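Okay, here's what each chain looks like letter by letter:
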Amino acid sequence: VQGSMTFLIAMKSPSLSLLTACTLGPLALVIVFYIYYYYGDGDHLDVVVVGAIMSFYIMRHFCTTHQQTKALGSCAEHTQEASVDPESQPLLNDEATQRGRNIVVAGYVWSMLLASAVALYVVTLVLVARAEVQECIWQVVLATTFCGSMHLALSSQNQFLGKSAIIVFVCILPFATTDRMPFPMQPLGCPSPVNYFMMVHSLVCAAALSFSPSISIQLVKEPYQGWNPSRDGRVCFYFEAVPLLCAVLSIVYLSCCWKWSQAGTGQHDVLSDAVYHITWSLMRPCYAVCFALYLFAMHAECCGAAPVLSGFGFFFFAVLCPLTDTSMSHAHNTICIDGELQPLPGLYKDNTLGASSHHVERACFYFSMILFTLNGVHHGNWIDSCGNRKVERVVLGGMLCVFSALALNRFLVQNLELFTTNFTCWAISNYFLGYFTIIFTEIFA
């Protein structure tokens, strides 16, 4: 359910937005990666431009929606509809069904993807491919295993076995993630016994998925307040839960970074390192799903950039995210060298590939905030039944502050060399404002 939109576990045909996301999204990702690799972060110009463009977009929306409009008819009509017994209402009315976006996913599709990903990873091990290639392919294995496990949990007639697939995956995921502050007791070797266990789990899921029924997914408006489609054998999942979870996890990992900075204790410890590592192992699949859902939610006519941004973020978190290296985690990160996990060689400033991936990762976080804004505006999530836009103005006002502060901060950092050592100011203006706005909106708006 999204904003009162309902995400049911139900593209009528391959859409232009999907084609755009699968082609222009990865292409843009490669181009941006190339630019960051050879030219650095553009002296923060990229972030300033993003903040300025989104600030202009929100201001323009404020101007064009100054006059209140009625989106769902009169207040009296809506109140009368809401007072009707929910059990007597149809599960989906015709209008909601027509507006909904539908996609049917067959179990054998995930089965083939899982088997192919595991096979490709084994090939990289046999050919002794570069460590970076192995890490990216391993991330593909983790991403497809997560999706396959979710499919099993939703489609399996045996609820215990279906839920066990996703529970096992979540439990071993932090141990199967070998970067971003790995555990001190992280199993040795690459691949480690945990990697082999995860591959076995993936192949078992692939075998089960080959006999699993298809599931259909539908994103529709909630027909009335209190709608509970689960009574008809459907699973209702609120769309807002995913960006909300991503925002919470992002705040947790940034809080760990704050602790390590001079504004905090300035030191690492086992607890904060473990929390950081677990958070990051969960963030990657969550953000990949988040970008995929934004693509699913927004039609191509919403905004030409939306499918590109969705594909950009999805392919990064599903494939390239293990390449990322940061100044705070560099000394604790590992890489596979001669079959063993070894500390990253050299200094952070010498790891051009890791720094480039870090800049791309940063862009993906900002893109998630942009898609949150575009999605809410496009679907009218913050407009009440009477066409009142007060809540929308509050939310967009918050996002206007977010993007304005982002652009201003980056401009001041580059041109006036302010805030360069103040982590608290940097974190608030670059991330916390945006994430807390998303959390407030998804919970209360």
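In the block above lies the structure referred to throughout.
What you are looking at is a predicted structure, and each value in this text was computed from that prediction instead of being measured.

Q: For this particular structure, what's the right way to read the overall build of the chain?
A: Assigned secondary structure in the chain consists of 14 helices and 6 strands. Counting across all 445 residues of the chain, residues that qualify as buried make up 50%. Carbon and sulfur atoms form 67% of the exposed surface of the chain, whose accessible area is close to 20700 Å².

Q: Looking at this model, I keep getting lost on the nonpolar core. Mind explaining?
A: Nonpolar side chains in soluble globular proteins tend to end up buried together. If you look at the biggest cluster of nonpolar residues, it comprises 77 residues, and the most contacted ones within it are F317, F365, M369 and Y435. Excluding residues within four positions of it along the chain, F365 makes contact with Y253, W280, M283, Y287, F317, Y431 and Y435. W138, I166, F169 and M199 belong to the second-largest nonpolar core, a separate cluster that totals 17 residues.

Q: Explanation requested: the environment of C136 in the structure shown.
A: Locating C136 in the fold gives a position in helix 6 (residues 131-155). On the basis of relative accessible area, C136 is assigned to the buried category, the value being 9%. Non-local contacts of C136, meaning those with residues more than four positions away in its chain, are made with V319, L320 and L323.

Q: Whenever I open this one, empty space enclosed by the protein confuses me. Can you help?
A: To find leftover empty space, one rolls a probe the size of a water molecule over the atoms. Of the voids in this model, the largest cavity is the one considered here, and its volume is about 190 Å³. Lining of the largest cavity is provided by 20 residues; of these, Q134, E135, W138, T178 and N195 occupy positions nearest its centre. In terms of residue count, helix 6 provides more of the lining of the largest cavity than any other element does, 6 residues in total. Approximately 70 Å³ is the volume attributed to the second largest cavity. If you go around the second largest cavity, the residues you meet are Q139, L142, A143, F169, L173, T177, W280, S281, R284 and P285. Listing elements by their share of the lining of the second largest cavity, those giving two or more residues are helix 6, helix 7 (159-176) and helix 10 (270-297). It is helix 10 that contributes the most residues to the lining of the second largest cavity, 4 residues altogether.

Q: When you look at unusual backbone geometry in this model, what are you seeing that I'm missing?
A: Residues other than glycine predominantly adopt negative phi, and peptide bonds predominantly adopt the trans conformation. We note that R180 has phi near 55 degrees; this positive angle belongs to a residue other than glycine. In this fold, R180 is placed in the loop between helix 7 and helix 8 (193-209). By relative accessible area, R180 is classed as buried at 1%. Even without a glycine there, the phi angle at M181 is positive, about 65 degrees. Along the chain, M181 turns up in the loop between helix 7 and helix 8. Take M181: its relative accessible area is 2%, and that puts it in the buried class.

Q: Explain the packing of aromatic side chains here, please?
A: Two descriptors summarise a pair of aromatic rings, namely the distance from one centre to the other and the angle between the planes of the rings. Under the criterion given, the structure shown has 26 aromatic pairs. Taken together, a centroid distance of 5.0 Å and an interplanar angle of 15 degrees make the contact between Y287 and F317 stacked. Placement of the pair is Y287 in helix 10 and F317 in helix 11 (residues 305-320), with a sequence separation of 30 residues. No difference in accessibility class separates Y287 from F317, as the two residues are buried. Taken together, a centroid distance of 5.5 Å and an interplanar angle of 15 degrees make the contact between Y366 and Y431 stacked. With Y366 in helix 12 (residues 352-379) and Y431 in helix 14 (residues 423-444), this residue pair connects regions lying 65 residues apart in the sequence. In this structure Y431 comes out as buried when scored by relative accessible area, which is 4%.

Q: How should I be thinking about the state of the cysteines in this particular structure?
A: Enumeration according to the criterion identifies 0 disulfides in this entry. Free cysteine: C136, not disulfide-bonded; nearest cysteine sulfur from C321 at 7.8 Å. According to the relative accessible area criterion, C321 is buried, its value standing at 0%.

Q: I tried to follow the pattern of salt bridges on my own but got confused; where do I start?
A: A side chain of one charge can pair with a side chain of the opposite charge if their charged atoms are brought near each other. Per the stated rule, a full pass over the model turns up 4 salt bridges. Between E361 and R180 there is a salt bridge, with the nearest N and O atoms lying 3.0 Å from each other. Of the two residues, E361 sits in helix 12 while R180 sits in the loop between helix 7 and helix 8, which places them 181 residues apart along the sequence. R180 carries the same exposure label as E361, and that label is buried. Salt-bridge contacts for D269 lead to K259; the nearest nitrogen and oxygen are separated by 2.4 Å. In this pair, D269 is assigned in the loop between helix 9 (241-260) and helix 10 and K259 in helix 9, connecting sequence segments 10 residues apart. Look at D269 and you get partly exposed, because its relative accessible area is 26%. The exposure class of K259 is partly exposed, given its relative accessible area of 22%.

Q: Explanation requested: the packing of helix 11 against helix 12 in the structure shown.
A: Axis angle and axis distance: for two packed helices, these are the angle between their axes and the distance between the axes, and together they describe the pair. The contact between helix 11 and helix 12 brings their axes to 9 Å, and the two run at 135 degrees. On the basis of the axis angle, helix 11 is oblique to helix 12. Note that helix 11 runs across helix 12; the crossing there is left-handed. The residues of helix 12 that touch helix 11, namely those facing A306, L309, S310, F312, G313, F316, F317 and L320, are S357, V360, E361, C364, F365, F367, I370, L371 and L374. For the contact of helix 11 with helix 12, the residue count by class is 13 nonpolar, 3 polar and 1 charged.

Calculation notes
Residues numbered from 1 in each chain as written. Predicted model: local features only at pLDDT ≥ 70, side-chain atom pairs only at ≥ 80, totals over all residues. Heavy atoms only, no water. Helix = DSSP H or I, 4+ residues; strand = E, 2+ residues; numbered from the N terminus. Buried < 20%, exposed > 50% of the residue type's maximum accessible area, 1.4 Å probe, protein only. Areas by Shrake-Rupley, 256 points an atom, 1.4 Å probe, with all protein chains shown as cover. Core = buried A, V, L, I, M, F, W, Y, C linked by side-chain atoms within 4.5 Å. Contact = heavy atoms within 4.5 Å. 1 Å grid on protein atoms, 1.4 Å probe; cavity = no way out; pocket = protein on both sides within 12 Å on 5 of 7 lines; lining within 4 Å. Points joined across faces, edges and corners; volume = space filled by probe spheres on them. Phe/Tyr/Trp six-rings, centres within 6.5 Å; stacked < 30°, edge-to-face > 60°. Disulfide = S-S within 2.5 Å. Salt bridge = Lys/Arg side-chain N within 4 Å of Asp/Glu carboxyl O. Axes fitted to C-alpha atoms, helices over the stretch in contact; angles between N-to-C directions. Parallel < 35°, antiparallel > 145°, perpendicular 65-115°, else oblique. Left-handed = near helix turned anticlockwise from the far one by under 90°. Nonpolar A, V, L, I, M, F, W, Y, C, P; charged D, E, K, R; others polar.

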